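Chains, contacts and geometry: an overview
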Amino acid sequence: DTGVSQNPRHKITKRGQNVTFRCDPISEHNRLYWYRQTLGQGPEFLTYFQNEAQLEKSRLLSDRFSAERPKGSFSTLEIQRTEQGDSAMYLCASSLGTSGGAFYEQYFGPGTRLTVT
Amino acid sequence: GDSVTQMEGPVTLSEEAFLTINCTYTATGYPSLFWYVQYPGEGLQLLLKATKADDKGSNKGFEATYRKETTSFHLEKGSVQVSDSAVYFCAWTLYGGATNKLIFGTGTLLAVQP
């Protein structure tokens, strides 16, 4: 296994268009996270899945954002009616772990850089 | 609110110089603390961690000690190399929390010159 992969690596879109990003986690990892990183800032948590269940969403995740993880494998993050403020690096991470208990390391993908023109 | 405050960069050092990057945190509860590193063109990687007060995390010559009394987790390295040039992020999560989401600082760019 080669780690967490994300596609596409770069996406340029016009304001108002919809975009979808894909994350393929490490195969045995049941937890999956999406973060957003804007220029000069650290990553900010967006949402979290345990298997196929989306268990937490940040207030940063407006109604235009939706994430899915069908069958608890890959995940998609869709942004509808993109705005210039959505321009950022979108990071995916995965880890082992069950509810509560010990921390398991999160392994990050290389990110998808979105530019909204 | 919950946050991480990191030393602003960029930090520019000559090879073999001593490195300190300051980090303080604000957290509700008892967090686990981390340093992540992002090399140019690569994803974030865990560099080191500490899960309780006075623990010292270490890896690749880097060290950081969990100081609960000062809510700090400063990163140090005795002799930096050009290959250490990267962005360093301090972060925390609640140990045993439901999601283990990470709270990150803004990152500190380190540039090491030969």
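Before going into details, it helps to say that this report is about the structure given with it. (Residues numbered from 1 in each chain as written. Chains lettered and ligands numbered in written order. Predicted model: local features only at pLDDT ≥ 70, side-chain atom pairs only at ≥ 80, totals over all residues. Heavy atoms only, no water.)

The helix and strand tally for chain A stands at zero helices and eleven strands. In terms of C-alpha radius of gyration, chain A reaches 14 Å, essentially the compact-globule figure of 13 Å for 117 residues. With the C-alpha coordinates of chain A rotated into their principal frame, the extents come out at 40 × 30 × 30 Å. Counting all 117 residues of chain A, 48% fall into the buried class. (Helix = DSSP H or I, 4+ residues; strand = E, 2+ residues; numbered from the N terminus. Rg over C-alpha atoms; globule rule 2.2 N^0.38 Å. Buried < 20%, exposed > 50% of the residue type's maximum accessible area, 1.4 Å probe, protein only.)

With that settled, consider the interface of chain A and chain B. With 22 residues of chain A at the interface, the matching set in chain B holds 20 residues. At the surface where chain A touches chain B, the tally comes to one salt bridge. Put simply, Lys101(B) and Glu56(A) hold a salt bridge, and the shortest N to O gap is 2.5 Å. Of all elements in the fold, only β4 (31-37) and β5 (44-50) of chain A reach the threshold of two or more residues within the side of chain A that touches chain B. The biggest single contributor to the side of chain A that touches chain B is β4(A), with four residues. Of the residues assigned to the side of chain A that touches chain B, the class counts are ten nonpolar, eight polar and four charged. (Contact = heavy atoms within 4.5 Å. Salt bridge = Lys/Arg side-chain N within 4 Å of Asp/Glu carboxyl O. Nonpolar A, V, L, I, M, F, W, Y, C, P; charged D, E, K, R; others polar.)

In this section: the state of the cysteines. Scanning the entire structure with this criterion turns up two disulfides over all chains. Covalent S-S linkage joins Cys23(A) and Cys92(A), the inter-sulfur distance amounting to 1.8 Å. On the sign convention where negative means left-handed, the S-S torsion of about -65° between Cys23(A) and Cys92(A) marks this disulfide as left-handed. Taken together, the positions of Cys23(A) in strand β3 (residues 19-24) and Cys92(A) in strand β9 (residues 88-95) put the pair 69 residues apart, joining distant regions of the chain. Between the sulfur atoms of Cys23(B) and its disulfide mate Cys90(B) the distance is 1.9 Å. Taking the sign of the S-S torsion, -70° for the link of Cys23(B) and Cys90(B), the bridge is left-handed. Placement of Cys23(B) in strand β4 (residues 23-26) and of Cys90(B) in strand β10 (residues 86-94) is noted, with a sequence separation of 67 residues between them. Summarising the burial analysis for this pair, Cys23(B) and Cys90(B) share the class buried. (Disulfide = S-S within 2.5 Å.)

To continue, consider the packing of aromatic side chains. The description of an aromatic ring pair rests on the distance of the ring centres and on the angle between the ring planes. As enumerated under the stated definition, the model contains 14 aromatic pairs over all chains in all. Pairing Tyr35(A) with Phe104(B) gives two aromatic rings, centres 5.9 Å apart and planes at 85°, and the pair type is edge-to-face. Placement of the pair is Tyr35(A) in strand β4 and Phe104(B) in strand β11 (residues 103-104), with the two residues belonging to separate chains. With respect to burial, Tyr35(A) and Phe104(B) carry one shared label: buried. Their ring planes at 70° and their centres at 6.0 Å tell us that Tyr30(B) and Tyr66(B) sit as a pair that is edge-to-face. Of this pair, Tyr30(B) sits in the loop between β4 and β5 (31-38) while Tyr66(B) sits in the loop between β8 (62-65) and β9 (75-77), and the two are 36 residues apart along the sequence. (Phe/Tyr/Trp six-rings, centres within 6.5 Å; stacked < 30°, edge-to-face > 60°.)

Another aspect to go through is the nonpolar core. Counting residues in hydrophobic clusters, the biggest one holds 27 residues, and the most contacted among them are Leu19(B), Trp35(B), Leu47(B), Leu48(B), Phe73(B), Leu75(B) and Tyr88(B). For this core, the elements supplying multiple residues, two or more each, are β2 (11-14), β3 (19-21), β4, β5, β6 (45-50), β8, β10 and β12 (108-113) of chain B. Looking at this core, the element that brings in the most residues is β10(B), giving four residues. If we ignore the near neighbours within four places in the chain, the residues touching Leu48(B) are Leu33(B), Phe34(B), Trp35(B), Gly57(B), Ser58(B), Asn59(B), Phe62(B), Glu63(B), Ala64(B), Phe73(B) and Leu75(B). One finds Cys23(A), Ala88(A), Tyr90(A) and Leu114(A) within the second-largest nonpolar core, a separate group that totals 19 residues. (Core = buried A, V, L, I, M, F, W, Y, C linked by side-chain atoms within 4.5 Å.)

Take the environment of Gln81(B) next. Within the fold, Gln81(B) resides in the loop between β9 and β10. When neighbours within four sequence positions are excluded, Gln81(B) is seen to be in contact with Glu15(B), Glu16(B) and Val112(B).

Here we take up the environment of Glu105(A). Position of Glu105(A) relative to the elements: it lies in the loop between β9 and β10 (107-108). Counting along the chain gives 34 residues from Glu105(A) to Lys71(A), while the straight-line C-alpha distance between them is 22 Å. Leaving out residues up to four positions away in the same chain, Glu105(A) has contacts with Ser94(A), Ser95(A) and Leu46(B).

No statement about biological role is implied by the geometric values presented.
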